Each structure stands twice: as C-alpha cells, then as structure tokens.
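Here is what each chain is made of, one letter per residue.
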Amino acid sequence: MLAMWLIGGLLIWLAIKKDFEPALLLPMGFGAILVNLPLPGVIGENGIVQWLFQKGIASSEAFPLLLFVGIGAMIDFGPLLSNPRMLLFGGAAQFGIFLTVVFAVLLGFPLKDAMSIGVIGAADGPTSILVSQVLKSGYMGAIAVAAYSYMALVPIIQPTAIRLVTTKRERMIRMPYNPKSVSKTTKILFPIIVTLIAGLIAPDSVSLVGFLMFGNLIRECGRLESLSQTAQGPLANLITIFLGITIAFQMQADKFLTFGTLIVMALGLFAFVFDTIGGVVFAKILNLFLPEGKKINPMVGGAGISAFPMSARVIQKMALKEDNQNHLLMHAVGANVAGQIGSVVAGGIILSLARKWGMM
C-alpha cells in the first residue's frame, strides 16, 4: 500500500514538475493513491472507480474509443496526403510491436499478455488500453503506465535510438518540401476510404480506425466547426480525465506490485525503441534504391510512431542540430500522422490474430 502511494506520488510529480503527459499521469497517480487506501470507498460493489472501469472500459471500451474521436478531430492529414509515401513509415514503425510479442512469448508470457505488451510500442495509450482490455491481460495497469510514460519520454528515447542506427551524414540529408495541393474533396474522402479499407483488411481494427476517422471527418467536412472544436477540446479533455483515474483501478497493489510489472515496463521500452529503429532502418533500405538528390533522411522514418506531434518535433530539432538549414518538420509530420493510422491498424491486426487463435 505504501509503495503504491509512492508510485502515485511519483506519477503526480512527473506530471507537475517534469510536464510528462500531465493530463493522464496526474489522474493516474492520484487514482493509484485513491484505490490503495486501507478501506477505499471507490472500489467494490458501490465504488465509483470500479463502476467507471466496468462501464467505461471493461464492458464497451467506450473511454479509449471516444478519445479517438477527439484525436481524429485534432489531426490534419494534409501533410500526409500531399506526400503519400510517408504512409509507408506509419507501417514500418510498428515493427517493434511484433518483435516484442515474440520476445515476450520467449520470456514465458502467455500469448494474450505478450500481444498486449507489444502494443506499448505503438506509442498510443488508448490503443494499448483497448487491446489489453479486450484480451483480458493481467498487466493492464502496467501497460497503461508504460505507454503514457514512454510517450512522455519521446524527446529522450527517440534521439538515442536514432543515433544508434544512423551516421551524421545520414542525419544531414536534406529533403526539399514541395507539397502538392490537397483538395477539400480528398480530405473528406480520405477518412471514409481508410475506414472501408481497414474494415475489410483488419475487421477488428474498425472500431479504432472508425472512431479516429469519424473525428477527422467532423474536422474536414467544413460544416461542423462547433462539433469539431468540442471534440478537440471539451470531449477529449473530459474523457482524458476519466480515463486516467479509471485505469488506476488496475493499479491496486496486489495486481501491480509484481515482478511481471517490471518486465512489462522493460519490454515496453524495448518495443518503443525498436518501433523507432524499424522506421529508421526502413528509410535506409529505401535509400539503397533511390538516386542522389531523392534520398530520404532516415530520421523521418523514426517519426512513424503514433506520438503526435512530439515525435515530429524531435526529428526537426535533431535535423537542425546537425544542419541549421535542414528543415524536416513537414516530412516528419506526414510520417507522424501516418503513425496514428499505423498504430490503430496494428492494434486491430493483433486483435484479429487473437480472434483467429481463439483468445477472444
């Protein structure tokens, strides 16, 4: 109990003092203290936190899905649509998810837990929560803490991972930005087409992709500005508050304070690092076939994770550090928003495989 109070206090300190994902780490930290009081009134048959968990996550996954509406309304897919090849990096940067699943199984985790742990690498908290809940993983609390903690640590983790697999010369590659104009019709059709494709290829991703794209359609249709602002602001903020404190239900000491939790945190970091490396290495492979003057700065591949817009900003900062005239922001933004799609599709593929193998 005392240990969980300290963990809760640490999360609150990281949120306030270090500004690490404060909208989620602060509610999670306070919730961790709340559910670990000697006689808590928030869990049990009439406990509000337990009720929120059962209704908002366990029975319907409503909280993470509703949050996707707000996330979709925040995203401008214009940089991706003007440079569609960035979509490749949204797929390549999910490599760490599947590598981690294999590694976790080799370490002795049941397949449903291994799959849930791997999704931490998506750098997408709502997807991690939803997948771990659907698969009934016993490590849901640890997975949520890991997912949001590592998202907050993107400015520390990604530069280290990228430097491990790139040379200074590669990091100095310049990429001129000549965006093609994207019509209003294209922006409106894009979320509809993506939803149709996802529903046909990976049916279990359709709730994730569908709610994300619905939020984006509200943004792009041009007729629902007030609803778009509501989704981006009040809706997203309200769901974030309740999601954070509700996840703390899985942070009760008897569930959270296990050796397995430490391994989950380590595997989550492994997944996160190799997602970044996967995107970078994929860019390096493409460069083998591209002529001089058309090569891709491999760092852009690292932005293919879902941590938007933090990852794109990290890539821009790294590029300017190597060459103060090298502006990669818009390329990185394109890869970064592709990562939003890639992460939810990867989560859907994990669920589809779980269903095929009889775990759902």
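Thresholds applied
Residues numbered from 1 in each chain as written. Predicted model: local features only at pLDDT ≥ 70, side-chain atom pairs only at ≥ 80, totals over all residues. Heavy atoms only, no water. Helix = DSSP H or I, 4+ residues; strand = E, 2+ residues; numbered from the N terminus. Rg over C-alpha atoms; globule rule 2.2 N^0.38 Å. Buried < 20%, exposed > 50% of the residue type's maximum accessible area, 1.4 Å probe, protein only. Contact = heavy atoms within 4.5 Å. Areas by Shrake-Rupley, 256 points an atom, 1.4 Å probe, with all protein chains shown as cover. Expected span 1.5 Å × (residues − 1). Arc of directions from axis to C-beta. Axes fitted to C-alpha atoms, helices over the stretch in contact; angles between N-to-C directions. Left-handed = near helix turned anticlockwise from the far one by under 90°. Nonpolar A, V, L, I, M, F, W, Y, C, P; charged D, E, K, R; others polar. Patch = residues over 30% accessible without salt bridge, like charges linked within 9 Å, V, L, I, M, F, W, Y side chains within 5 Å. Salt bridge = Lys/Arg side-chain N within 4 Å of Asp/Glu carboxyl O.

J.: Got a minute to help me understand the overall build of the chain in this structure?
T.: Scanning the chain from terminus to terminus reveals 20 helices and zero strands. In summary, the chain has a C-alpha radius of gyration of 20 Å against a globular reference of 21 Å for 360 residues, a match within 12%. Over its C-alpha atoms, taken along the principal directions, the chain stretches across nearly 65 × 45 × 45 Å. Expressed as a percentage of its 360 residues, the buried residues of the chain come to 54%. Counting only contacts in the chain whose residues sit at least 6 apart along the sequence, the fraction spanning at least 24 positions is 78%. Approximately 15500 Å² of the chain is accessible, and the part contributed by carbon and sulfur atoms is 69%.

J.: Help me understand helix H4 (residues 62-74) in this model?
T.: Since the α-helix turns once every 3.6 residues, residues separated by three or four places project in the same direction. Taking 1.5 Å per residue as the helical rise, H4 with its 13 residues ought to reach 18 Å, and the 19 Å between its terminal C-alpha atoms agrees with that figure. Counting buried positions along H4 yields 10 of 13 residues, so the element is predominantly enclosed. Listing the buried residues of H4 in full gives Phe63, Pro64, Leu65, Leu67, Phe68, Val69, Gly70, Ile71, Gly72 and Ala73. Residues of H4 that are buried in the fold lie against helix H3 (48-58), helix H9 (125-134), helix H10 (140-152), helix H14 (206-220), helix H15 (225-247) and helix H20 (329-356).

J.: I would appreciate a short explanation of unusual backbone geometry in the present structure.
T.: Negative phi characterises most residues that are not glycine, and trans characterises most peptide bonds. The residue after phenylalanine 308, namely proline 309, is reached through a cis peptide bond having omega 0°. By the secondary structure assignment, proline 309 is in the loop between helix H18 (298-302) and helix H19 (310-322). Positive phi outside glycine occurs at aspartate 19, with the angle close to 60°. Considering the arrangement of structural elements, one finds aspartate 19 in the loop between helix H1 (2-16) and helix H2 (22-34). When its relative accessible area of 55% is taken as the criterion, aspartate 19 is described as exposed.

J.: Whenever I open this one, H1 confuses me. Can you help?
T.: For H1, spanning 15 residues, the distance from its first C-alpha to its last is 21 Å, which sits close to the expected 21 Å at 1.5 Å a residue. Within the sequence span of H1, burial applies to Met4, Gly8, Leu11, Leu14 and Ala15. The buried residues of H1 occupy one face: seen down the axis, they fall within an arc of 125°. Exposed and facing more than 90 degrees away from the buried side of H1 are Leu2, Leu6 and Ile16.

J.: Would you mind showing me how to read the packing of H4 against H15 here?
T.: Between H4 and H15, the least distance of the axes is 8 Å, while the angle of their chain directions is 145°. In terms of crossing hand, the pair formed by H4 and H15 is left-handed. Residue-level contacts link Phe63, Pro64, Leu66, Leu67, Val69, Gly70, Ala73 and Met74 of H4 to Ser228, Ala231, Gln232, Leu235, Ala236, Ile239, Thr240, Phe242, Leu243 and Thr246 of H15. Considered class by class, the residues forming the contact of H4 with H15 number 13 nonpolar, five polar and no charged.

J.: Help me out: how do you make sense of a nonpolar patch on the surface in this one?
T.: On the surface, Leu189, Ile192, Ile193, Leu196, Ile197, Leu200 and Ile201 cluster together to form a nonpolar patch covering roughly 710 Å² of accessible area. For leucine 189, a relative accessible area of 41% gives the class partly exposed.

J.: Please explain the pattern of salt bridges as it appears in this structure.
T.: When the charged atoms of two side chains with opposite charge come close together, those side chains can pair. One pass over the structure, following the stated rule, counts seven salt bridges. Close ionic contact of glutamate 170 with lysine 284 constitutes a salt bridge, the shortest N to O distance being 2.8 Å. Remark: lysine 284 occurs in helix H17 (residues 259-287) and glutamate 170 occurs in helix H12 (residues 168-171); sequence separation between them is 114 residues. The exposure class of glutamate 170 is buried, given its relative accessible area of 19%. Notably, a salt bridge pairs arginine 174 with aspartate 323, separated by 2.8 Å at the nearest N-O pair. Taken together, the positions of arginine 174 in the loop between H12 and helix H13 (184-201) and aspartate 323 in the loop between H19 and H20 put the pair 149 residues apart, joining distant regions of the chain. By relative accessible area, aspartate 323 is classed as buried at 13%. A cluster of three or more residues bridged by salt bridges with shared partners is formed by Lys168, Arg171 and Glu322.

J.: What's the story with the environment of proline 64 in this structure? I'm lost.
T.: On the secondary structure map, proline 64 appears in helix H4. Using a relative accessible area of 0% as the deciding quantity, one classes proline 64 as buried. With residues near it in sequence (within four places) discarded, proline 64 still touches Gly56, Ile57, Pro126, Ile129, Leu130 and Leu243.

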